[in-house]
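# Survey of secondary and tertiary structure
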Amino acid sequence: MLPKSGVVVCILATVACGGGGSGPAAGVALKGQLLGSVSARQSDPLLLAMGWYPTFAGSAPGSPVGAVITQANVQYEGNFPVDFNFNLTGAPPDAALFDLAKTGGTGHLAYGVLIAFRDVNKNGVFDANSAGKAGADVIAGISVPDPSLPPPAHSYFVLYLDGKVAANDTWGAFPLQQGFNLMEIHYNFGINPVPLATSIGIPITNNPALGLYACQEAFQDLTWFKRACGIDPYGGKWQAQGNLFSTPTGTQSTVFVNDADGNVANASIAIDGIPFTYDSRGQDYAFSGAQLRGTHSMTIDVPNRASETLSFTLPDAVRVAAPSPNQSFASGSQVSIAWAPAAGTAYYDIYFLADDSTATWLYHAITNATSATTPPINYVGGARMTVKALAPLAVGSQGSFLTPVSQTTVPVTFTR
């Protein structure tokens with residue numbers, strides 16, 4: 001559900017000011033800060049644009065393609081942090097809209113990324129798909145994670161909805177409103193809507209990898225960033241990323257390793273000396289073992305390249321107090337969820353899914369609390385409620401990262 005790694009395609013060089021689509025009334029004032037990562041000073045003024053990436057919204061076959069830009073034409077300068085305001089008026093341009101019928105819904109969805117750039121050719125706008133060309137604008141920061149760095153604790157993108165997503169769609173986990181929604185990414189795991197008035201932090205990293213957001217070629221492959229327009233997504237390094245789940249029945253982890261040329265298939269990965277197994281079909285490394293608790297280390301070796309060790313500490317085991325295992329509820333009931341605090345947790349991610357082939361979302365929340373109450377759930381059948389306790393990201397010297405998760409799942413049933 002997260003941006004590339006994930007899914008974007010940039011083919012069109014369409015530039016649009018304002019909106020072209022019809023739909024919910026639209027217009028939103030976003031605010032935030034440009035954050036300097038090294039120096040308090042900036043050498044040149046920065047401008048902002050909104051890049052709309054339709055296949056971030058959905059990756060169904062035949063989904064629309066193109067980088068569609070909404071311009072702001074406002075310069076920001078001064079010492080960091082620099083406050084900004086970005087006004088979107090009207091719906092996103094028609095070319096930015098993903099057709100939800102392709103994923104079982106109705107209407108349209110659009111996915112937007114704020115882009116901070118230096119206007120090299122002084123034409124006052126961001127030149128879409130210009131990477132690798134003479135005089136191309138320089139992207140200094142984006143509101144989603146920099147592909148060459150571990151993701152920050154919080155990053156942001158905009159969703160525009162004019163319609164209805166399918167109940168089992170990726171976006172069906174969220175109570176999206178018609179019109180504009182501001183979405184917050186937690187590290188590389190967990191997305192939820194936040195108030196539109198939330199301050200958006202855009203780290204000004206100035207990394208060349210950001211230029212991929214102005215490169216058509218970079219988005220022809222819908223899996224991982226690779227070298228394109230002369231840009232190395234990982235700054236000359238390889239990068240491993242993945243998640244590790246500790247449950248009462250064992251521990252599972254999946255890790256992907258990539259460099260600018262694609263999948264790295266000859267790495268050796270181990271946790272506490274126990275090796276992962278490489279799956280050539282999924283191009284991932286997998287681990288399965290007994291339940292882990294406390295602090296551990298993951299080692300990653302790539303022949304003739306730098307090696308890396310990530311130390312990680314799992315949150316304490318999740319102990320759910322309610323609902324009880326196999327508890328039965330009448331369809332239309334609200335469900336109270338409660339769990340004991342798990343030490344070492346950055347936040348809790350609640351997954352409530354139908355336990356059938358549809359995997360329909362019944363409820364989803366991200367919280368720092370230890371309880372939640374669902375709205376009425378109109379459903380008949382078995383379901384699974386999972387509380388995931390997520391620790392802060394574990395990061396290595398190469399820039400690889402791992403999300404340590406402790407989780408417990410409770411089966412329940414809804415009856416007529």
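Below you will find a few notes about this structure. All values reported here derive from a predicted model rather than from experimental measurement.

## Quick word on the state of the cysteines
- Applying the stated criterion across every chain, the model contains one disulfide.
- Residue cysteine 215 pairs covalently with cysteine 229 via a disulfide, S to S 2.1 Å. Between cysteine 215 and cysteine 229 the disulfide shows an S-S torsion of about 85°. By sign, it is right-handed. Residue cysteine 215 is located in the loop between β12 (199-204) and β13 (239-247), and its partner cysteine 229 is located in the loop between β12 and β13; the two are separated by 14 residues in the primary sequence.
- You can call cysteine 229 partly exposed: its relative accessible area is 25%.

## Some thoughts on the sheet that holds strand β27 (residues 371-373)
- The strand order β22-β24-β27 describes an open sheet built from three strands, whose pairing is antiparallel. Each edge of the sheet is formed by a strand with only one pairing partner; in this case those strands are β22 (320-322) and β27. Shown here is a sheet whose adjacent strand axes are inclined to one another by a mean of 20°, direction ignored.
- The pairing of strand β24 (residues 336-339) with β27 spans three bridges and is classified as antiparallel. If you follow alanine 338 over to β27, its bridge partner there is serine 371.

## Considerations on the pairing of strand β26 (residues 361-367)
- Of all the seven residues making up β26, seven are buried; the element is thus mostly covered by neighbouring parts of the structure.
- Sheet topology note: the strand β25 (residues 347-354)/β26 ladder contains six bridges and is antiparallel. Bridged to leucine 353 within β26 is tryptophan 361.

## Notes on the packing of aromatic side chains
- Enumeration according to the criterion identifies 18 aromatic pairs in this entry.
- Here the aromatic residues Tyr111, Phe157, Trp171 and Phe174 are joined through ring pairs into a cluster of three or more.
- One residue, lysine 388, lies across the ring of tyrosine 351, its end atom 4.9 Å from the ring centre.

Cut-offs used in this document
- Residues numbered from 1 in each chain as written.
- Predicted model: local features only at pLDDT ≥ 70, side-chain atom pairs only at ≥ 80, totals over all residues.
- Heavy atoms only, no water.
- Disulfide = S-S within 2.5 Å.
- Helix = DSSP H or I, 4+ residues; strand = E, 2+ residues; numbered from the N terminus.
- Buried < 20%, exposed > 50% of the residue type's maximum accessible area, 1.4 Å probe, protein only.
- Pairing = 2+ DSSP bridges.
- Axes fitted to C-alpha atoms, helices over the stretch in contact; angles between N-to-C directions.
- Phe/Tyr/Trp six-rings, centres within 6.5 Å; stacked < 30°, edge-to-face > 60°.
- Lys NZ or Arg CZ within 6 Å of the ring centre and 35° of its normal.

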